[in-house]
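# Understanding the architecture of this molecule
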Amino acid sequence: LYLKGIELLGFKSFADKTRLTFEPGVTSVVGPNGSGKSNISDAIRWVMGEMSAKSLRGANMQDVIFAGTQARKPLGFAQVSLTLDNSDHALDIEYGEVTVTRRVYRSGESEYYINGASCRLKDIHELFMDTGLGRDGYSIIGQGKVNEIISGKADERRGIFDEAAGISKYRHRKEEAERKLLHTEENLVRVGDI
Ligand code: ATP
């Protein structure tokens, strides 16, 4: 599983459609302060399902949309597509190449796609679960994050180990099943009441 490329359109400082292609090996992004380096890693986290605007350095999710400059008008939506080589089938999906896309409009409406097919955020989360990527992954370690891991609470650290051990998916499914059982029990109580 490796990151082949990312395409940004209207995401933060990327007003024009920008495509970055990553070859095997190490890629470094170098540039002066404020030139938009962190916006690239923000885009990668965002397309993989990040829901915290704060961790994307914004107040709300629409803040990721290009806000305009003195010379350019703001844009109406932001879109990021991430392409991964899946020839080793590390992602539990039949395709040898996977492109996930996320789009957000100023109205707050969001859209998600896997290989061009519309899907739910939940599908994106489940696709990346137990791979170390995605919302709960540890593949992107930002400034200050190392300290957060070391000094964090035991159960937060546990989440990282669960993800690395590949059991996040099962824990997630168990929690979901427990929620549904609780809901069913509540329905049964209601039936009893009636
Ligand atoms: P640093 O050296 O501080 O880490 P950096 O190269 O990582 O900087 P970023 O923090 O990624 O840079 O980029 C910040 C730039 O992105 C700023 O110039 C900011 O104005 C611009 N920017 C952020 N959000 C938007 C937006 N919604 N619309 C337009 N420009 C934006």
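Above this text sits the structure in question.
Structure report, in brief.

Criteria and thresholds
Residues numbered from 1 in each chain as written. Predicted model: local features only at pLDDT ≥ 70, side-chain atom pairs only at ≥ 80, totals over all residues. Heavy atoms only, no water. Helix = DSSP H or I, 4+ residues; strand = E, 2+ residues; numbered from the N terminus. Contact = heavy atoms within 4.5 Å. Polar contact = N/O pair within 3.5 Å; in protein donor to acceptor, adjacent residues only side chain to side chain. Near = heavy atom within 4 Å. Areas by Shrake-Rupley, 256 points an atom, 1.4 Å probe, with all protein chains shown as cover. Nonpolar A, V, L, I, M, F, W, Y, C, P; charged D, E, K, R; others polar. Core = buried A, V, L, I, M, F, W, Y, C linked by side-chain atoms within 4.5 Å. Buried < 20%, exposed > 50% of the residue type's maximum accessible area, 1.4 Å probe, protein only. Phe/Tyr/Trp six-rings, centres within 6.5 Å; stacked < 30°, edge-to-face > 60°. Pairing = 2+ DSSP bridges. Axes fitted to C-alpha atoms, helices over the stretch in contact; angles between N-to-C directions. Patch = residues over 30% accessible without salt bridge, like charges linked within 9 Å, V, L, I, M, F, W, Y side chains within 5 Å. Salt bridge = Lys/Arg side-chain N within 4 Å of Asp/Glu carboxyl O.

## As for the environment of Arg103
- Relative to the assigned elements, Arg103 resides in strand β4 (residues 97–105).
- A sequence separation of 56 residues divides Arg103 from Val47, and the C-alpha atoms of the two residues are 8.4 Å apart.
- Excluding its chain neighbours within four sequence positions, the residues that come into contact with Arg103 are Trp46, Phe77, Ala78, Gln79, Glu109, Ser110, Glu111 and Tyr113.
- Looking at Arg103, its side chain comes within polar contact range of the side chain of Tyr105, at 3.2 Å.
- At 2.7 Å, the side chain of Arg103 and the side chain of Glu111 are in polar contact.

## A closer look at the site of the ligand
- Around the ligand, a shell composed of 15 residues is seen, among which Lys37, Ser38, Asn39, Arg57 and Ala67 lie nearest.
- Gly36 is positioned such that a nitrogen or oxygen atom in its backbone is 3.0 Å from an oxygen atom of the ligand.
- Separating an oxygen atom of the ligand from a side-chain N or O atom of Arg57 is a distance of 2.7 Å.
- In the complex, the protein chains occlude 68% of the 640 Å² of accessible area that the ligand would expose alone.
- Class assignment of the residues belonging to the shell around the ligand gives a composition of 4 nonpolar, 7 polar and 4 charged.

## Structural notes on the nonpolar core
- Formed by 32 residues in total, the largest nonpolar core has its most connected members in Val64, Val100 and Phe128.
- Secondary structure elements with two or more residues in this core: β1 (2–9), α1 (37–47), β3 (77–85), β4, β5 (110–114) and α2 (121–128).
- At 5 residues, the largest contribution of residues to this core is made by α1.

## Brief notes about the packing of aromatic side chains
- Counting across every chain of the model gives 2 aromatic pairs.
- Each ring, one from Phe11 and one from Trp46, has its centre 5.3 Å from the other, and the planes form 45°; the classification is tilted. One end of the pair, Phe11, is in the loop between β1 and β2 (18–21); the other, Trp46, is in helix α1, with 35 residues separating them in the sequence.
- Exposure remark for Phe11: the relative accessible area of 0% places this residue in the buried category.
- The class of Trp46 is buried, set by a relative accessible area of 0%.
- For the ring pair Phe77 and Tyr105, a centre distance of 5.8 Å and an interplane angle of 45° mean the geometry is tilted. Of this pair, Phe77 sits in strand β3 while Tyr105 sits in strand β4, and the two are 28 residues apart along the sequence.
- Since its relative accessible area comes to 29%, Phe77 is described here as partly exposed.

## Structural notes on the sheet that holds β5
- Ordered in space as β2-β1-β3-β4-β5-β6, the 6 strands form an open sheet in which the pairing is antiparallel. The sheet terminates laterally at β2 and β6 (117–119), the two strands that pair on one side only. With strand direction ignored, the average angle separating the axes of adjacent strands in the sheet is 20°.
- With 5 bridges connecting them, β4 and β5 associate as antiparallel partners. Bridge assignment links Arg102 to a residue of β5, and that residue is Tyr112.
- Contacting β1, β2, β3 and β4, α1 crosses the sheet at an angle of about 80° to β3.

## Quick notes on a nonpolar patch on the surface
- A surface patch of nonpolar side chains, about 370 Å² in accessible area, is lined by Tyr138, Ile141, Val146 and Ile150.
- Among the structural elements, Ile141 can be located in the loop between α2 and α3 (145–151).
- A relative accessible area of 42% places Ile141 in the partly exposed class.

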